[in-house]
Amino acid sequence: MADLHIEDFYRDVARIFVRLYASFPRKMILYVEDICGPDEPDEFGLHDPRFQSCFSAMVWLAEHGHVSFYATLREEGLDQVVLTERGFLLLTTRSTEPFEDTVTGTGISPSVLEESLSNISQLRMALKDGSSIKLRHCVSHLLSRPPLAR
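(A) The environment of His47, seen in detail. On the secondary structure map, His47 appears in the loop between helix H2 (32–36) and helix H3 (49–63). Setting aside anything within four residues of it in sequence, one finds His47 in contact with Asp39, Gln52, Glu75 and Glu76. A distance of 3.2 Å separates the side chain of His47 from the side chain of Glu76, its partner in a polar contact.

Here's what the structure looks like:
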């Protein structure tokens, strides 16, 4: 049986990375609702567990050096969030485990082929495919990579 909260974590991390990469190097406000969908607070105004988990994934990425931010917006999001150098380099480097749907074939320009082999492209393909297995494989591969040596 799959641990659904871990599958949600992988999907949240992938969406966070893709969103921050798209705005890099600009800092932005990243709302939890933009990553995991609208919240359904309970009768006391507390966020539902899914919403809280997504917020925690954002903070976890910062605690582990992938993103940085200025402040939290209650538990609604992060203010002035951006990929760190580590996060940016992780996403732009060539994947060491490309998926089978990487662009291939004759007549493909080297720049298009190289881009399709980057970690960010692999992450986008996994999200687009919708496969939890591919997404888990891709995100866990990214998170297990040691920091790049200087």
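(B) Local environment of the packing of helix H6 (residues 119–129) against helix H7 (residues 132–144). Packing of H6 against H7 leaves a shortest axis separation of 8 Å and a crossing angle of 155 degrees. In terms of orientation, H6 and H7 fall into the roughly antiparallel class. At the point where H6 passes H7, the crossing takes the left-handed sense. Between H6, through Asn119, Gln122, Leu123, Ala126, Leu127 and Asp129, and H7, the contact on the second element is made entirely by Lys134, Leu135, Cys138, Val139, His141 and Leu142.

(C) Local environment of the environment of Leu123. Relative to the assigned elements, Leu123 resides in helix H6. Its relative accessible area of 0% is what places Leu123 among the buried residues. Each C-alpha atom, one on Leu123 and one on Arg11, is 9.9 Å from the other, the two residues being 112 residues apart in sequence. For Leu123, the residues in contact, after removing those within four places along its chain, are Ala14, Phe17, Val18, Leu91, Cys138, Val139 and Leu142.

(D) Molecular detail of the side chain of Asp79. You can see Asp79 is positioned in strand S4 (residues 77–83). At 9.5 Å, Lys27 is the nearest oppositely charged side chain to Asp79, a buried residue that forms no salt bridge. In this structure the side chain of Asp79 is engaged in a polar contact, spanning 3.5 Å, whose partner is the side chain of Gln80. In contact with Asp79, other than residues within four places in its own chain, are Met28, Ile29, Phe69, Tyr70, Ala71 and Leu73.

The rules behind the values
Residues numbered from 1 in each chain as written. Predicted model: local features only at pLDDT ≥ 70, side-chain atom pairs only at ≥ 80, totals over all residues. Heavy atoms only, no water. Helix = DSSP H or I, 4+ residues; strand = E, 2+ residues; numbered from the N terminus. Contact = heavy atoms within 4.5 Å. Polar contact = N/O pair within 3.5 Å; in protein donor to acceptor, adjacent residues only side chain to side chain. Axes fitted to C-alpha atoms, helices over the stretch in contact; angles between N-to-C directions. Parallel < 35°, antiparallel > 145°, perpendicular 65-115°, else oblique. Left-handed = near helix turned anticlockwise from the far one by under 90°. Buried < 20%, exposed > 50% of the residue type's maximum accessible area, 1.4 Å probe, protein only. Lys, Arg positive; Asp, Glu negative; His and termini not counted. Salt bridge = Lys/Arg side-chain N within 4 Å of Asp/Glu carboxyl O.

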